[in-house]
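One letter stands for each residue in the lines below.
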Amino acid sequence: MLKKFVVLNNGVSMPSLGLGTSLRNKPNKVDNQQFVESVKHALKTGYRHIDTAKCYNNEHLIGQAIRESNIDRKDIFLVTKLFPDDMGFDKTLKAFDKSCKQLQVDYIDLYLIHFPAKIRGQNNDVEKSRQLRLDTWKALEKLYSDGKCRAIGVSNYMPRHLEEIFDAGMTVPSVNQCEFHPYYNNKGLYEYCNKLGIQFEGYSPLGKGNLLNDNIVLDLSKKYSKSCAQILLNWSLRNNVATIPGSTNHERIEENSDIFDFSLSDEDVSLLWTLNKNEKVSWDPTNIV
């Protein structure tokens, strides 16, 4: 059966399935109260891993949802991410405190660097970019050593960005959160992180819906009597990839959590690996120096 938790390289347990919340800041989605209710519904359904970021513009709403859920804070694994333009040692510490204030918490379970470069005014100077990332990581190390977060990691980091940390003799990240689905399986990075004991976590596990009409996925849906979304999420967990599907629809939130009562065969797991098209649907860090 599938594992409901993964153990990070510092010994902290993280639920393997989480609620992604990046949908909140898209146009024509839901209003604030509907969003709060969707997070509360996820918690009521049994989700105990909530993933957000400063740039999703919803940390204050997630804080409200957690407070109104009456679920003990220690029972929720809360993840947020540093906004890329807040990189740098001092700015990172200030940004972290602001996120805690927005979320109405005094610690974060997992704090991630969202992207390996600033969004505005990206620097093409390799050394300056490297130093900015290391200064930022040093700030995360301080937050961790001060007990303000239980684990620290990165998002959208390529091997060369991770190697900077290793070469500097700094703390190995606990997590690398990246795009992961059969159309973009990121296999080289996935294997690299596994080799180094960095938990791979996948966002956009449904390829933003592009995979829901794939013929192979549809065939597997019929074979296992599960939805296409459930097949894809099961595939992530079968590969020991933590996954954070996002939805504000109550029925889909429930459906996405109902994936622990079956397991794709090894043959079907391998079959889905063959669908790779290197087709990204999100941020591309490939050319970030």
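Refer to the structure presented above.
It should be emphasised that the depicted structure is a prediction, and the values quoted were computed from it without experimental measurement.

Caption draft 1: Representation of the pattern of salt bridges in the model. On inspection of all chains with the given rule, the structure shows 16 salt bridges. As a salt-bridge pair, Lys81 and Asp51 come within 2.6 Å of each other at their nearest N and O atoms. One end of the pair, Lys81, is in strand E5 (residues 77-82); the other, Asp51, is in strand E4 (residues 49-51), with 30 residues separating them in the sequence. The residues Lys81 and Asp51 share a single accessibility class, namely buried. With its nearest N and O atoms 2.9 Å apart, the salt bridge here joins Arg73 to Asp109. Placement of the pair is Arg73 in the loop between helix H2 (59-69) and E5 and Asp109 in strand E6 (residues 108-113), with a sequence separation of 36 residues. Take Arg73: its relative accessible area is 16%, and that puts it in the buried class.

Caption draft 2: Representation of the packing of helix H7 (residues 215-224) against helix H8 (residues 228-238). At their nearest, the axes of H7 and H8 sit 8 Å apart, and the two run at 95 degrees to each other. It follows that H7 is roughly perpendicular to H8 by the angle criterion. Across from Val217, Leu218, Leu220, Ser221 and Tyr224 in H7, the residues of H8 making contact are Cys228, Ile231 and Leu232. Of the residues assigned to the contact of H7 with H8, the class counts are 7 nonpolar, 1 polar and no charged.

Caption draft 3: Broad picture of the nonpolar core. Counting residues in hydrophobic clusters, the biggest one holds 71 residues, and the most contacted among them are Ile108 and Tyr111. The leading source of residues in this core is H8, at 7 residues. If near-sequence neighbours (up to four positions away) are discounted, Ile108 is found in contact with Arg73, Leu78, Thr80, Phe96, Cys100, Leu103, Lys148, Cys149 and Arg150. Ranked by size, the runner-up nonpolar core spans 11 residues in total, among them Val12, Met14, Val79 and Ala242.

Caption draft 4: Representation of the sheet that holds strand E8 (residues 175-179). If you walk across this open sheet you meet the 8 strands as E3-E4-E5-E6-E7-E8-E9-E10, and the pairing is parallel. Where the open sheet ends on each side, the last strands, each with one partner, are strand E3 (19-20) and strand E10 (242-243). Where strand E7 (residues 149-155) lies against E8, 2 bridges are found, and the strand directions are parallel. Directly across from Ser155, in E8, lies its bridge partner Gln177.

Caption draft 5: The arrangement of the environment of Lys138 in detail. Mapped onto the fold, Lys138 is located in helix H4 (residues 126-145). Given the relative accessible area of 48%, Lys138 is considered partly exposed. Residues Lys138 and Val175, spaced 37 residues apart in sequence, show a C-alpha to C-alpha distance of 16 Å. Not counting residues within four places of it along the chain, the set of residues in contact with Lys138 comprises Phe89 and Met170.

Caption draft 6: Up close: the packing of aromatic side chains. One pass over the structure, following the stated rule, counts 9 aromatic pairs. Ring geometry for Tyr190 and Phe200: centres 5.8 Å apart, planes at 80 degrees, overall edge-to-face. Here Tyr190, found in helix H6 (residues 187-196), pairs with Phe200, found in strand E9 (residues 199-203); they are 10 residues apart in sequence, far enough to count as distant. With respect to burial, Tyr190 and Phe200 carry one shared label: buried. Just above the ring of Phe260 sits the side chain of Lys4; from NZ or CZ to the centre is 5.4 Å. A cation over a ring is seen here: Lys187 above Trp273, with NZ or CZ 5.6 Å from the ring centre.

Here is what the cut-offs are and how they apply
- Residues numbered from 1 in each chain as written.
- Predicted model: local features only at pLDDT ≥ 70, side-chain atom pairs only at ≥ 80, totals over all residues.
- Heavy atoms only, no water.
- Salt bridge = Lys/Arg side-chain N within 4 Å of Asp/Glu carboxyl O.
- Helix = DSSP H or I, 4+ residues; strand = E, 2+ residues; numbered from the N terminus.
- Buried < 20%, exposed > 50% of the residue type's maximum accessible area, 1.4 Å probe, protein only.
- Axes fitted to C-alpha atoms, helices over the stretch in contact; angles between N-to-C directions.
- Parallel < 35°, antiparallel > 145°, perpendicular 65-115°, else oblique.
- Contact = heavy atoms within 4.5 Å.
- Nonpolar A, V, L, I, M, F, W, Y, C, P; charged D, E, K, R; others polar.
- Core = buried A, V, L, I, M, F, W, Y, C linked by side-chain atoms within 4.5 Å.
- Pairing = 2+ DSSP bridges.
- Phe/Tyr/Trp six-rings, centres within 6.5 Å; stacked < 30°, edge-to-face > 60°.
- Lys NZ or Arg CZ within 6 Å of the ring centre and 35° of its normal.

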